[in-house]
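Each chain, written out:
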2 protein chains.
Amino acid sequence: MASGRTRTIRASVWLNDRPAPKRRAEHSGPGGGAEQSAGLDHDRIVAATVRLLDAEGLTKFSMRRLAAELGVTAMSVYWYVDTKDDLLEFAVDAAAAELEVPEEGTDADWRDQLRLLAVTNRDMLVRHPWVSRLIGEYLNIGPHAMAFATAAQRVAISSGLPMEQIPGVLALVYQFVYGYGTIEGRFAARCREAGLTQDEYFSEVMATVNERPEFEESKRLMDSRPSTDIEAMRARDFEVALDCAIAGIEVLRDRARRESGQDAGR
Amino acid sequence: MASGRTRTIRASVWLNDRPAPKRRAEHSGPGGGAEQSAGLDHDRIVAATVRLLDAEGLTKFSMRRLAAELGVTAMSVYWYVDTKDDLLEFAVDAAAAELEVPEEGTDADWRDQLRLLAVTNRDMLVRHPWVSRLIGEYLNIGPHAMAFATAAQRVAISSGLPMEQIPGVLALVYQFVYGYGTIEGRFAARCREAGLTQDEYFSEVMATVNERPEFEESKRLMDSRPSTDIEAMRARDFEVALDCAIAGIEVLRDRARRESGQDAGR
DNA sequence: ACCTGAACACCGTTCAAGT
DNA sequence: ACCTGAACACCGTTCAAGT
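The following refers to the structure shown. Model, not experiment: these values are computed from the prediction.

What counts as what
- Residues numbered from 1 in each chain as written.
- Chains lettered and ligands numbered in written order.
- Predicted model: local features only at pLDDT ≥ 70, side-chain atom pairs only at ≥ 80, totals over all residues.
- Heavy atoms only, no water.
- Contact = heavy atoms within 4.5 Å.
- Buried area = accessible area lost by both parts, 1.4 Å probe.
- Salt bridge = Lys/Arg side-chain N within 4 Å of Asp/Glu carboxyl O.
- Polar contact = N/O pair within 3.5 Å; in protein donor to acceptor, adjacent residues only side chain to side chain.
- Helix = DSSP H or I, 4+ residues; strand = E, 2+ residues; numbered from the N terminus.
- Nonpolar A, V, L, I, M, F, W, Y, C, P; charged D, E, K, R; others polar.
- Near = heavy atom within 4 Å.
- Axes fitted to C-alpha atoms, helices over the stretch in contact; angles between N-to-C directions.
- Parallel < 35°, antiparallel > 145°, perpendicular 65-115°, else oblique.
- Left-handed = near helix turned anticlockwise from the far one by under 90°.

**Concerning the interface of chain B and chain A**
By a widely used convention, the size of an interface equals the accessible area lost when the partners come together.
Here is step 1 of the chain: Between chain B and chain A, the residue contacts involve 65 residues of the former and 65 residues of the latter.
Here is step 2 of the chain: For the chain B and chain A pair, buried surface summed over both sides reaches about 5,400 Å², with 67% attributable to carbon and sulfur atoms.
Here is step 3 of the chain: B:Glu137 is the partner of A:Arg133 in a salt bridge, and the nearest nitrogen-oxygen pair spans 3.1 Å.
Here is step 4 of the chain: For the interface between chain B and chain A, the tally reads eight residue pairs in polar contact (both at pLDDT 80 or more).
Here is step 5 of the chain: With 15 residues, helix 7 (residues 166-194) of chain B is the largest single contributor of residues to the side of chain B that touches chain A.
Here is step 6 of the chain: Residue composition of the side of chain B that touches chain A, by class: 35 nonpolar, 14 polar and 16 charged.

Quick look at the structure:
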């Protein structure tokens, strides 16, 4: 049914036969500022992709638009990149490179480290709203994403949690961060498109919602909070959520310690 | 700068001038099984949309494909729906209608209710992987989504948590569920496309990863768990995460009670 | 080795007609 | 009131040529 040769499924650029970029420009020498060099190369293409995605969003991004930005014909890019999907996977890892991970030997409290990792992740997702949409699409195993995942794992382990609970707890924290950053980033992008501040956009939507009887019950539940300064509000909610997760981790850890202590006592 | 008339931003179908479907078919009578009735109507269109999205995914979905499915020309659909975006928003709320929410007067333990809401949400996201992608896109304030959000809020409040911590904790739980369901659904869809079971796909990817030296460190950290039966593994991780969140909520609640108790004692 | 042009098989949506 | 056809301005990608 399939072709005669056993072929691994192509699940990610990073799992291709040659995981490194198709070609890498090797400058003939260090001199002569290549600022406006006409030649393309993989890094220039990925950088331009990130720039365009930030400026105009994923919806408006196209290979033709990118080519125009690079002052080149649409098909030139295909010399360096196999498909649009591959290019987007490269762009995602370029964004992941902005994540700040603690150095390996640090002795900082695991709670502080976890908070730092969460915040750096959230900030990146808000800076690059297109990343959230693509993370769901791909396997996301580029080198920088992997470095971050590894650091997160190290921090979770250093909390003293038993090994079999690590993946669940990591999922709780980082899926939360991902979802939260997604909503924030998307909302910010919407506001930019509409030419409004976040507070203005929020009160416009609220004004419309308030005219509707269908939303009565939800309104009663939502109304208890100040609607001004939506960004500060979100920062507070984010902290509460992290506090909750950290408190939960401590409970799970203590529970496990008590149980293993009992075992030892018998 | 803008047009003379003050115009609210169009942020969602549900906030349109006429939030109800553009037209609703009003059957002339109850008789005569309309099974193969040639006429379109809003509900038939949304139902066909959901069916197509489930079967072929968001990427392959198009207005032309949908029209073909309905045995109609591409532009007929536009009589009932303004844009593709509006239609997708309707489809998202149709999926949200599948969420099971506890009836209002229930006296079940809030922990059980929270777990039920989380599970029903996760299952829906896995059944309809396209929902995750669209939730990030739109405001998601359709009637069924709102009913679910309201139920979730009620459960969180019944935990005894102080009001100002409710939004943060809700974000922790439901952004986690959303992210987790997203990954699961996307992975399942990938496997279906490749014609493999989830376990087969997983071990294929793992086999490729294992050949690579770049992944050494991450492998050491991941290797500690059994790779068989990936679905059972994910169910366990999901439970651990919920346990962690619930334990965290209890801690926050007790902390707040102690503080307000102190205040009362002074 | 690197880049181009023309072409293929698609999109969402508008608009003027049809019945 | 409901549906169609032709057209516009786009897509990603292939493929045969150019230099």
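**What about the protein's contact with DNA strand C?**
Here is step 1 of the chain: Inspection of the region around DNA strand C gives 16 residues, with A:Thr73, A:Ser76, B:Arg64, B:Met75 and B:Tyr78 positioned closest.
Here is step 2 of the chain: Within the side chain of A:Ser76, an N or O atom sits 2.3 Å from a phosphate oxygen of DNA strand C.
Here is step 3 of the chain: Backbone polar atom of B:Lys84 to a phosphate oxygen of DNA strand C: 2.9 Å apart, as the coordinates give it.
Here is step 4 of the chain: A class-by-class count of the residues in the surface near DNA strand C yields eight nonpolar, four polar and four charged.

**Overview of the packing of helix 4 (residues 110-127) of chain A against helix 7 (residues 166-194) of chain A**
Residues and elements named next belong to chain A.
Here is step 1 of the chain: As a packed pair, helix 4 and helix 7 sit with axes 8 Å apart at the nearest point and diverge in direction by 30 degrees. The angle between helix 4 and helix 7 falls in the class roughly parallel. Seen from above, helix 4 lies across helix 7 with right-handed handedness. Contact residues: Leu114, Leu117, Ala118, Asn121, Arg122, Leu125 and Val126 in helix 4; Val173, Tyr174, Val177, Tyr178, Tyr180, Gly181, Glu184 and Gly185 in helix 7.
Here is step 2 of the chain: The residue makeup of the contact of helix 4 with helix 7, split by class, is 10 nonpolar, three polar and two charged.

These figures capture arrangement, not role.
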